[in-house]
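Okay, here's what each chain looks like letter by letter:
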Amino acid sequence: MNQYLKSLWLTETVRLIEKDNGRFQDDEANRQARSYSGSIADRIIFRAKILSSQHSLISAQTVLLKAAKFSFIFLVLIAIFSGVGIGLSALAQNPVNLYWALICLLGVHFVMLLIWLLSSIALPNESGSFFIFIWSWLTQKIANKNTVSQLLPAFISLFGGQIRWLIGTIVNFLWFIILLIALLVLVAQLSTQHYSFAWQTTLLSSDTIVAITCSLGKIPSLLGFTIPDVDMIRSSEQAISIDEVRSSWAVWLLGVFIVYGVLLRFGLFILCWLKWHLACQHIVLNTHHPEYQILKAELDEKVSKTIIDKENAHLPVYNINVNHNNTNGKQNFLVAIDVDTNWSVPVDAHFLGFINNSMTQKKILEWLTQNPANKLLIAIDTDRSPDRGMINSIRLLVDKSQFTGIWFINNGRQLHNWIEKIQELALDQTNLAWLSN
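Reading the values: rules and limits
- Residues numbered from 1 in each chain as written.
- Predicted model: local features only at pLDDT ≥ 70, side-chain atom pairs only at ≥ 80, totals over all residues.
- Heavy atoms only, no water.
- Helix = DSSP H or I, 4+ residues; strand = E, 2+ residues; numbered from the N terminus.
- Buried < 20%, exposed > 50% of the residue type's maximum accessible area, 1.4 Å probe, protein only.
- Areas by Shrake-Rupley, 256 points an atom, 1.4 Å probe, with all protein chains shown as cover.
- Core = buried A, V, L, I, M, F, W, Y, C linked by side-chain atoms within 4.5 Å.
- Contact = heavy atoms within 4.5 Å.
- Phe/Tyr/Trp six-rings, centres within 6.5 Å; stacked < 30°, edge-to-face > 60°.
- Arc of directions from axis to C-beta.
- Pairing = 2+ DSSP bridges.
- Axes fitted to C-alpha atoms, helices over the stretch in contact; angles between N-to-C directions.
- Salt bridge = Lys/Arg side-chain N within 4 Å of Asp/Glu carboxyl O.
- Polar contact = N/O pair within 3.5 Å; in protein donor to acceptor, adjacent residues only side chain to side chain.
- pLDDT = per-residue confidence, 0-100.

Right, let's talk about the overall build of the protein for a bit. The helix and strand inventory of the protein stands at 17 helices and seven strands. Within the protein, the proportion of its 437 residues that are buried is 47%. Put simply, the protein shows about 22,600 Å² of open surface, and 58% of that area lies on carbon and sulfur atoms.

This is how it looks when you write it as structure tokens:
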């Protein structure tokens, strides 16, 4: 699975989680998404990547994919042993009852093929296969609690009816392995032991057996597998130990099994794989979901700005000097967090403003997202306690510059606590001169 499909999968997972449990704390993710150049769908995906990274969804997806791979390998091993069992059971008796051997080789295969075809038509999003049920169960068991419950529903929701081709690819590949191994076992047994062949019936006439034998052998005969002649078929009601007869029946049996078993499953596997590959190339984010419609408005820069302004109309407005030209990370700026607006701002600094409420914080962060700073100096009033809100504001500002420094504008009551906090944040205490160095 390529990275784009993984991103779409994570986006759908985020949508389902927020639908079930409410929105994430996504102010910063939305802010970065709004600054992302691309369509609204691209911004929604970008937002989901940020939230997935913050909430360990990417690691959960990785765990689930690894669990799926291990489960698939386990199923392949089961398929190999099943193929050996089918091959051995078909020739368990000598002389071999021809049609009973065919039932052993192809009976379960045809029943499961019919179930898969019907379920693919009637229930395209469901498994319709014992293998898929086991695979899903094993995957969840291996992943255990290291994944997210919405990941599998999100995968099904993303691909919709196209998931039938993935299921078909897996099911038919496993059956191809089973039948191929059974074929190898058959060839090995027929090459190393003497087998006599006979047909037995109570209800059917010899003419019916001849007709069935010729009909089954018609398509294999196009590939070079010969059909026993009519006299040989009639005489084989009892086992005949003539080499020519044994060889003719062995070739017929192998031909019927290869065409209606091995090649049929291989062809279906290739068909489903091609359809799945094409489906993956055309999968796009379905932005018609109500949750995405809401995000569209929030991630549209012009609409979002209007919403933010309306929400914060009641808050006091401080001078915010974000009218600089685009800096592309080449200029240095000063910003103050929870500092009294009467503070004398240094005249020789590019001062962005006072972050004293959510409105000013959003506006400054929006601008810095578009214009990352080279150096950002954060002025702190150490009479203020380093509460969670202020620490979070600092963390958000740190992401908006290449270098960040903390300037204590006084020796307040909380100075000692602030020193400890900036050490925890791995930030340097500095002063105004740092901006010009």
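Still more to cover.
Membership of the largest hydrophobic core comes to 74 residues, with the highest contact counts inside it found for L105, F159, F197, W249, W252 and F257. In terms of residue count, the dominant contributor to this core is helix α8 (residues 163–192) (17 residues). Other than its neighbours up to four places away in sequence, F257 contacts L105, L106, L179, A182, L183, L186 and V262. Among the nonpolar cores identified, the runner-up in size contains 23 residues, and F333, A373, L376 and M390 belong to it.

Attention now moves to the packing of aromatic side chains. Counted by the stated rule, this structure contains 14 aromatic pairs. Ring centres of F72 and F173 lie 5.9 Å apart, and the angle between their planes is 25°; this geometry places the pair in the stacked category. Of this pair, F72 sits in helix α4 (residues 57–90) while F173 sits in helix α8, placing them 101 residues apart in sequence. Using a relative accessible area of 24% as the deciding quantity, one classes F72 as partly exposed. Residue class for F173 comes out partly exposed when judged on its relative accessible area of 23%. Ring geometry for F176 versus F266: centroids 5.1 Å apart, planes at 45°, classification tilted. Here the residue F176 occupies a position in helix α8, and F266 occupies one in helix α11 (residues 243–281), the gap between them amounting to 90 residues. What makes F176 buried here is its relative accessible area of 14%.

Following N94, the chain continues to P95 via a peptide bond in cis, the omega torsion being 10°. Summarising the element assignment, P95 is placed in the loop between α4 and β1 (96–97). Its identity is not glycine, yet S56 carries a phi of approximately 65°, on the positive side. For S56, the position within the fold is in the loop between α3 (40–54) and α4. Phi is positive for D338, which is not a glycine, with a value near 55°. Checked against the element boundaries, D338 lands in the loop between β3 (332–337) and β4 (351–355). For D338, a relative accessible area of 24% gives the class partly exposed.

Since there are 3.6 residues in each turn of an α-helix, residues three or four apart along the chain are aligned in direction. Looking at helix α12 (residues 290–299), one finds that the buried residues are Y292, L295 and L299. One side of α12 holds all its buried residues, which, seen down the axis, span an arc of 55°.

Let us now look at the sheet that holds β3. Strand order in the open sheet formed by five strands is β4-β3-β5-β6-β7, with parallel pairing between adjacent strands. Lying at the two open borders of the sheet, with one neighbouring strand each, are β4 and β7 (428–429). Each of β3, β4 and β5 (373–380) touches helix α14 (residues 358–370); the most contacted strand, β4, lies at about 145° to it. Together, β5, β6 (401–408) and β7 form the strand contacts of helix α16 (residues 415–424), whose direction differs from that of β6 by roughly 165°.

Once that is clear, we can look at the pairing of β5. Extensive coverage of β5 is indicated by the burial of eight of its eight residues. One ladder, built from six bridges, connects β3 with β5; its direction is parallel. The residue bridging I337 from the neighbouring strand is I380, located in β5.

Scanning all chains against the criterion turns up eight salt bridges. Between E291 and R15 there is a salt bridge whose closest N-O contact spans 3.2 Å. Taken together, the residues span a long stretch of sequence, with E291 in helix α12 and R15 in helix α1 (residues 3–21) at a distance of 276 residues.

Of the residues making up helix α15 (residues 388–398), those classed as buried are M390, I391, S393, I394, L396 and L397. At the N-terminal boundary of α15, the capping side chain belongs to D387, with an oxygen 3.2 Å from the backbone nitrogen of G389.

Quick look at the environment of P153 now. Structurally, P153 can be placed in helix α7 (residues 151–159). The partly exposed category is assigned to P153, whose relative accessible area is 40%. For the pair P153 and E12, spaced 141 residues apart in sequence, the C-alpha separation works out to 9.0 Å.

Time to look at the confidence of the model for the protein. Low-pLDDT portions of the prediction should not be read for the details of their coordinates. Overall, the prediction assigns the protein a mean pLDDT of 83, with 87% of residues at 70 or greater. Every residue in residues 303–327 scores below 50 in pLDDT, and together they form 47 contacts with partners more than four places removed in sequence or on other chains.

This part takes up the side chain of N172. You can see N172 is positioned in helix α8. The class of N172 is buried, set by a relative accessible area of 0%. Within the structure, N172 has its side chain in polar contact with the backbone oxygen of G168 (distance 2.7 Å).

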